[in-house]
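Tertiary structure, described
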Amino acid sequence: MAHREVEFTSGGETIRADLLLPDGDGPFPVVVMAGGWCYVKELRQPQYAAEFVARGLAALIFDYRRMGASEGEPRQHIEPWDQIEDYKNAITFAESLPEIDESRMGIWGISYSGGHVLIVGATDPRVKSVVSNVPVIEGYETMWRMHGTVRFRKLQDLVLEERRKRTESGCHAYMPMSGEPTGPDAELTVWPDNDVRDVFAELQATQAPRHEHRNTIASVERLMEYNAAPYAKRMINVPTMMIVADHDDITMWDQEIAAFDAIPSPAKELVVLPSTSHMVLYSNLTALDYAARAAGDWLARTLGEPPAPGARAGGARPGGR
C-alpha cells in the first residue's frame, strides 16, 4: 500500500490529507473519507481505509478546515456546511489525480460525517457509492435526547449567551466535547457521556495526538440547525449502505433507520451491528472490523468495475436490508 501526503484548497484554506493507493498501476476507484465531531484523519479512519485498499480501492482521508493538520481559524469551529463543501472539494481534488478513476467515486462517513455523506451523495452527481456509519441525522433532537430536558435548557441558554458575547467581542468561546456528566464535577459538554470521554482520551494518546477535545460553542448552535433527513429521499439512484449500532443512544438508531427507509434507491443495504453502542464501534476492534469489512465489500461491489457507457450507477442492483 502506497501512502502519500497531499493537500488541496477548500474555502480558501489548505486542506491536508493522506492518499492511500493499492498495488498496481490504476487508475483506481477512490473512497473519500472524513471523520465526525472533533475528529482528525488519524483517528480510526486508517483502519477502515486499509480494508478498502485491500480490495483494490484508493482512499483519500482528509482533515476538515480548522481541524487537525489542515489550516483555518477559528480552530475547532465545526461548521457542517463547510465540512460538506470540504468533501466536495476533496472529490474535485481526487478526480484530478492520474491514479484515480474519476468515474468511480465513493464517499464514507461516520457519526457527524455519516450524515454529511448522505447530503453529499444527494447533491453531488459524481458520487457513485455511499457508506454512512452511525450517522447524526437531526441535530436538535439528538442534543435534546442526549442531554435530557433540564440540561438541554442549560445548553440552549449557553449557546444564546455566547452568541450575544461573540456579537460584541468578535471572539469565539469554547466548551468541552465531553467530560464528567454527573456529580459535583459535572460540566456542560456537547456529548455528556463517560464513554465518549474515555474512548477519545485513549485514541488521542495512542493514535491521534492532533485531536483536541473541545469545540466552539457556536458549533453546537450549528449542530442544532443540522438535519440530513430531507436529503435521504433525494438519493434515488445512489447505492448506499448504512451501518447502525443496535444500542446506539448517541446518534439514535431510530433516526438512522428512518433515514435509511426514506432512501428511494433500489441499491441500498442496512447493516445492524448487534449488541453494539456508538462508542463500542470505536473501542471494540471486533465491531470496527465487522463494520470495515461490510463497508469494504459494499464499496468493492458498487465501485469495482468501470460503468458501461451510458449506464446508470446502481440502477439494476437489488435493494432492501
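Described in the following lines is the structure provided in the data block. Values in this document were obtained by computation on a predicted structure and should not be read as measured data.

Definitions and cut-offs
Residues numbered from 1 in each chain as written. Predicted model: local features only at pLDDT ≥ 70, side-chain atom pairs only at ≥ 80, totals over all residues. Heavy atoms only, no water. Helix = DSSP H or I, 4+ residues; strand = E, 2+ residues; numbered from the N terminus. Rg over C-alpha atoms; globule rule 2.2 N^0.38 Å. Buried < 20%, exposed > 50% of the residue type's maximum accessible area, 1.4 Å probe, protein only. Contact = heavy atoms within 4.5 Å. Salt bridge = Lys/Arg side-chain N within 4 Å of Asp/Glu carboxyl O. Expected span 1.5 Å × (residues − 1). Bend = angle between axes of the 7 residues up to and from the residue. Polar contact = N/O pair within 3.5 Å; in protein donor to acceptor, adjacent residues only side chain to side chain. Axes fitted to C-alpha atoms, helices over the stretch in contact; angles between N-to-C directions. Parallel < 35°, antiparallel > 145°, perpendicular 65-115°, else oblique. Left-handed = near helix turned anticlockwise from the far one by under 90°. Nonpolar A, V, L, I, M, F, W, Y, C, P; charged D, E, K, R; others polar. Core = buried A, V, L, I, M, F, W, Y, C linked by side-chain atoms within 4.5 Å. Pairing = 2+ DSSP bridges.

With that out of the way, let us pick up the overall build of the protein. In terms of regular secondary structure, the protein is built from ten helices and ten strands. Against the 2.2 N^0.38 benchmark of 20 Å for 321 residues, the protein shows a C-alpha radius of gyration of 19 Å, consistent with a compact globule. Taking the principal axes of the C-alpha coordinates as reference, the protein spans close to 60 × 40 × 35 Å. Here the protein, with 321 residues, has 57% of them falling under the buried criterion. Taking as baseline every contact in the protein between residues at least 6 positions apart, the subset at least 24 positions apart corresponds to 74%.

Let's shift gears to the environment of G304. With respect to the helices and strands, G304 occurs in the segment after α10 (285-303). Using a relative accessible area of 29% as the deciding quantity, one classes G304 as partly exposed. Along the chain, G304 and A291 lie 13 residues apart, while their C-alpha atoms are 19 Å from each other. Excluding residues that lie within four positions of it along the chain, G304 makes contacts with R104 and L299.

On to the pattern of salt bridges. Inspection of the entire model under this criterion finds 26 salt bridges. Between D86 and R65 there is a salt bridge, with its nearest N and O atoms 2.8 Å apart. Highlighted residues: D86 in helix α2 (residues 80-95) and R65 in the loop between β4 (58-62) and α2, separated in sequence by 21 residues. Here D86 matches R65 in class, with each residue buried. Several salt bridges converge on common partners, so that one network encompasses E79, E162, R163, R166, E221, R222 and E225.

Let us now look at helix α4 (residues 139-169). The end-to-end C-alpha distance of α4 is 27 Å, clearly below the 45 Å that 31 residues give at a rise of 1.5 Å each. At G148, α4 shows its largest kink, close to 120°. For α4, the full list of buried residues reads G139, T142, M143, M146, H147, F152, L155, V159, E162 and R166. On its buried side, α4 packs onto β7 (174-176), α6 (217-224) and α8 (253-262). Residue E138 occupies the N-cap position of α4, its side-chain oxygen lying 3.1 Å from the main-chain nitrogen of Y140. G170 sits one or two positions beyond α4 and adopts a positive phi of about 75°.

The next point concerns the packing of α4 against α6. The relative placement of two packed helices is expressed as an angle between their axes plus a distance between the axes. At a minimum axis separation of 9 Å, α4 and α6 run at an interaxial angle of 130°. Relative to α6, α4 is oriented oblique. At the point where α4 passes α6, the crossing takes the left-handed sense. Every residue of α6 that contacts α4 at G139, Y140, M143, F152, L155, L158, V159, E162, R163 and R166 is listed here: I217, A218, V220, E221, R222, L223 and M224. Split into classes, the residues belonging to the contact of α4 with α6 amount to eleven nonpolar, one polar and five charged.

Y48, L60, F62 and W191 are the most contacted members of the largest nonpolar core, which totals 105 residues. Sort the elements by how many residues they give to this core and α10 lands first, with nine residues. Every residue in contact with F62, bar those within four places of it in the chain, is listed here: F8, I15, R16, A17, V32, M33, A34, K41, D86, Y87 and A90.

Attention now goes to the pairing of strand β2 (residues 13-21). Counted residue by residue, β2 has seven buried out of nine residues, so it is predominantly covered. With four bridges connecting them, β2 and β4 associate as antiparallel partners. Note on β4: the bridge partner recorded for L20 is A59.

Here G26 and P27 are connected by a cis peptide whose omega angle stands at 5°. Among the structural elements, P27 can be located in the loop between β2 and β3 (28-34). The backbone of S111 shows a phi angle near 60°, a positive value even though the residue is not glycine. Within the element layout of this structure, S111 appears in the loop between β5 (100-110) and α3 (112-123). Overall, the relative accessible area of 8% leaves S111 in the buried class. For V134, which is not glycine, the phi torsion reads 30° and is therefore positive. By the secondary structure assignment, V134 is in the loop between β6 (127-133) and α4.

Inspection of the secondary structure assignment puts E42 in the loop between β3 and α1 (45-54). A polar contact is formed between the side chain of E42 and the side chain of R210, at a distance of 2.8 Å. Setting aside its immediate chain neighbours within four residues, E42 contacts Q207, A208 and R210.

On their own, these measurements won't tell you what the molecule is for.
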